[in-house]
Amino acid sequence: MENLNEDSMDELLIWVISVDRRLVLMEAMKGHTVIKASDIAHETNRSTQNISRALKELEDKDLIKCLTPEKTTWKKYVLTNTGKEILQKMEDQYL
């Protein structure tokens, strides 16, 4: 999903901010290089299940990448380049 045009980026940004758990997750990602669902859940007072669902949604859109896909628990995630661009647009336009 790299090299998106401006309209695609805007659509993706709207998709992220339209659901609270996605927005919370992206905001939490900006303070970390690598993060786990349990870390985000603890920091945001959300359930791990809620955060795990958001992680899956963002991973499906190539905004984040799992560094430890072979693990069943304690998976670690990072923002992709597209995720970093979306986070920057969020900060510029909405935060």
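Computed from a prediction, not measured in an experiment: that's the story for all the values here.

A. Molecular detail of unusual backbone geometry. Of note, N45 is a non-glycine position whose phi angle comes to about 55 degrees, a positive value. With respect to the helices and strands, N45 occurs in the loop between α3 (37–44) and α4 (48–60). A relative accessible area of 74% places N45 in the exposed class. One non-glycine residue with positive phi stands out, namely W74, at about 55 degrees. One can find W74 in the loop between β1 (64–66) and β2 (77–79).

B. Fine view of the packing of helix α2 (residues 20–29) against α4. Their axes nearest at 9 Å, the elements α2 and α4 cross at an angle of 85 degrees. Our classification of the angle between α2 and α4 gives roughly perpendicular. Residue-level contacts link R21, R22, L25 and M26 of α2 to N50, I51, R53, A54, L55, E57 and L58 of α4. Residue classes in the contact of α2 with α4 are distributed as six nonpolar, one polar and four charged.

C. Broad picture of the environment of M26. By the element assignment, M26 lies in helix α2. For the pair formed by M26 and I40, sequence separation is 14 residues and the distance between their alpha carbons is 9.9 Å. When residues no more than four places from it in sequence are discounted, the contact partners of M26 are V16, L58, L79, G83, I86, L87 and M90.

D. The arrangement of the nonpolar core in detail. One finds L25, M26, I40, L55, I86 and M90 to be the most contacted residues of the largest nonpolar core, which totals 25 residues. Taken together, the elements giving at least two residues each to this core come down to α1 (6–17), α2, α3, α4, β1, β2 and α5 (81–93). Among the elements that line this core, the one with the most residues is α2, at five residues. Among all residues touching I86, those that are not within four sequence positions of it are M9, L12, L13, V16, M26 and L63.

E. Spotlight on the packing of aromatic side chains. Tallied over the entire structure, the rule returns zero aromatic pairs. A cation over an aromatic ring shows up here: K61 above the ring of W15, its NZ or CZ 5.1 Å from the ring centre.

Rules of the game
Residues numbered from 1 in each chain as written. Predicted model: local features only at pLDDT ≥ 70, side-chain atom pairs only at ≥ 80, totals over all residues. Heavy atoms only, no water. Helix = DSSP H or I, 4+ residues; strand = E, 2+ residues; numbered from the N terminus. Buried < 20%, exposed > 50% of the residue type's maximum accessible area, 1.4 Å probe, protein only. Axes fitted to C-alpha atoms, helices over the stretch in contact; angles between N-to-C directions. Parallel < 35°, antiparallel > 145°, perpendicular 65-115°, else oblique. Contact = heavy atoms within 4.5 Å. Nonpolar A, V, L, I, M, F, W, Y, C, P; charged D, E, K, R; others polar. Core = buried A, V, L, I, M, F, W, Y, C linked by side-chain atoms within 4.5 Å. Phe/Tyr/Trp six-rings, centres within 6.5 Å; stacked < 30°, edge-to-face > 60°. Lys NZ or Arg CZ within 6 Å of the ring centre and 35° of its normal.

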